[in-house]
Every structure is written in C-alpha cells, then in structure tokens.
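Given next are the chains, with one letter for each unit.
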Amino acid sequence: MNMNGPASMSQKERLQTCQEIAKRLHEVYGNDVLAIGVYGSVSRGTDGPFSDIEMFCVLRDSAETVDKSYEWSAGPWKAEVNVCSASILLKDAATVEDRWPLTHGPYFSPLRLYDPEGFFQRLRLAAESPTKEDFRQAIHEILVAEMYEYVGKLRNVNRNGPSTYLPSLALRFAHYGAMLIGLHNQTLFSTGAMVLPEALKLPHRPKGFDHVAELAMSGDLAQPAKIVSACEDFWKGLVAWAAEHDYVIHSKRIPF
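Analysis parameters
Residues numbered from 1 in each chain as written. Predicted model: local features only at pLDDT ≥ 70, side-chain atom pairs only at ≥ 80, totals over all residues. Heavy atoms only, no water. Helix = DSSP H or I, 4+ residues; strand = E, 2+ residues; numbered from the N terminus. Buried < 20%, exposed > 50% of the residue type's maximum accessible area, 1.4 Å probe, protein only. Contact = heavy atoms within 4.5 Å. Areas by Shrake-Rupley, 256 points an atom, 1.4 Å probe, with all protein chains shown as cover. Lys, Arg positive; Asp, Glu negative; His and termini not counted. Charge placed at Lys NZ, Arg CZ, Asp CG, Glu CD. 1 Å grid on protein atoms, 1.4 Å probe; cavity = no way out; pocket = protein on both sides within 12 Å on 5 of 7 lines; lining within 4 Å. Points joined across faces, edges and corners; volume = space filled by probe spheres on them. Nonpolar A, V, L, I, M, F, W, Y, C, P; charged D, E, K, R; others polar. Salt bridge = Lys/Arg side-chain N within 4 Å of Asp/Glu carboxyl O.

As recorded in an unreviewed UniProt entry, the chain goes by the name Aminoglycoside O-nucleotidyltransferase ANT(4')-Ib, listed as coming from Shouchella rhizosphaerae.

If you tally the helices and strands in the chain, you get ten helices and five strands. If you line up the chain on its principal axes, its C-alpha atoms span 60 × 45 × 30 Å. Put simply, the chain has 256 residues, and 44% of those count as buried. Of the contacts made within the chain by residues no fewer than 6 positions apart, 66% connect residues no fewer than 24 positions apart. In the form shown here, the chain has an accessible surface area of approximately 13,700 Å², with 52% of it arising from carbon and sulfur atoms. If the 26 positive side-chain charges of the chain are averaged to one point and the 31 negative ones to another, these points end up 4 Å apart.

In this structure, the largest pocket spans a volume of roughly 480 Å³. Lining the largest pocket are 26 residues, and of these Tyr 39, Leu 102, Thr 103, Gly 105 and Pro 106 lie nearest its centre. If you list the elements that add at least two residues to the lining of the largest pocket, you get α2 (41-44), β2 (53-59), β3 (67-73), β4 (78-85), α3 (86-93) and α4 (100-103). Considered class by class, the residues forming the lining of the largest pocket number ten nonpolar, eleven polar and five charged.

Next up on the list: the side chain of Glu 54. Relative to the helices and strands, Glu 54 is located in strand β2. One buried charged residue, Glu 54, forms no salt bridge at all, with the nearest opposite charge on Lys 78 at 6.4 Å. If we skip the residues at most four places from it in the chain, Glu 54 touches Gly 37, Val 38, Tyr 39, Gly 40, Ser 41 and Glu 80.

What follows is the structure, encoded as structure tokens:
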C-alpha cells in the first residue's frame, strides 16, 4: 500500500473509483438509496492528479434519520462520502449560513451517478429557494459575529501583542470579507483556492478589501504595522459599505 500520501491518478481512474464506492453504498444501504452523486472538482471536471473524491449518498426518509460523513484514505487516494436522509440535505441546501458562497456549490450541480427519481433536481430547487432576507441575515451575522470581533482582537494585539497573531487575523479578515462579498452578490465560489481571486472580480466590494486580500494572497504578512493599517482601513470600508446597503452592525437595544 502507498504510504506516501496522494498519488497521481487520471480523471478516468478517479471516476472508476467513484463508481466502485457507489456500488458499495448500494450493497450497504440497499433500497434505502435514493440518489448518489459526486461533487467538488471531480463533478466539475477540474480535478487535478492529486485531487480527492467527494460524494453524496442520499437515503430515503424513514423513521431513522441518517446524517453521517465517512472520510478515509486508501493510500494513493482519499474520499469523503456524506450519507444523509433526503430531508436533511434539502434543509441544508435551503439554508444560508456564513460560508454559503463556499459550501453550497455541491447542491447546484452534482455529477449524478444514480438518480432514478430526479432527487438532484429537487436539491437544486431547494438551493435556489432562499430569499434576499436570508442572505441579509447571514451578512448581518458575519459583520457582528466575525468582523466586529476580529477588529477588537486586532486592536488588542496592536496594543498588547503578540504581533505573531496578526498574520492569522489578516487571513480571517480576507476570508470573511470574501464571504460577505459572495453573499451580497449571491454568488458561489468555485473552490477554496479561488475564494479571494474570485471575490476580487465581484462588484460592490467594501473599500479596503482588495488590499487585505492582496496581502493574504501574496503572503506579505511580515510587517505588523502594514497588517494593522490594512485591516483598520477595511473595517472603515465595511462600516461605510454596511450603511450604504442597509446592513446592521450596531443595535441600539439589547435583542432579548
């Protein structure tokens, strides 16, 4: 067995492995299997020689609700298979959360290996169902739960240290800034690797985001003063952006 991590595989070999996994899923879950699909780079046909395998196995709703994730390495390749009841997957697809631009792509265009009853069309309709208000709420949550908290951490570190935490904070500013932009534009990112480059191409970006994103992408995170200045400028841009689009950061009353 290969013990040196991922080995190079062709797309054809990877798809054959997906079929083998699907066959095993049918053996284990039998008539409860409603649909099986592949997502991620394999479904898009953009997988590289060392890409992993990501799959759905959707089970019919029954008295027992199933929501499991199997993740394993066979030596030269790695796979993740999410086995869950149809109702759970449909609910997840219809939910907008803070990382929606990165997490929800699989619900729109899985590669169908088994779908005799058209479940994946239902899944796509569920993923298309959130309202503008659902996206607004997710944006509000990021602005307060993530960005407001991060700027407080930034100021604490700037005053008391340790400056070694600043690069990590800059990456978080960049990542969640991209999530805000994706949510605002209701646009999905293709992969985790492309979040920042794709966010930089979207309209209505808060002022200051581009600089923080460029620092993160270039790895230019060795100068504490530069990081603090860039993140503070981005925070100012976020406050102005939130006001422009009527997103809420500050509340005048306790919400309970």
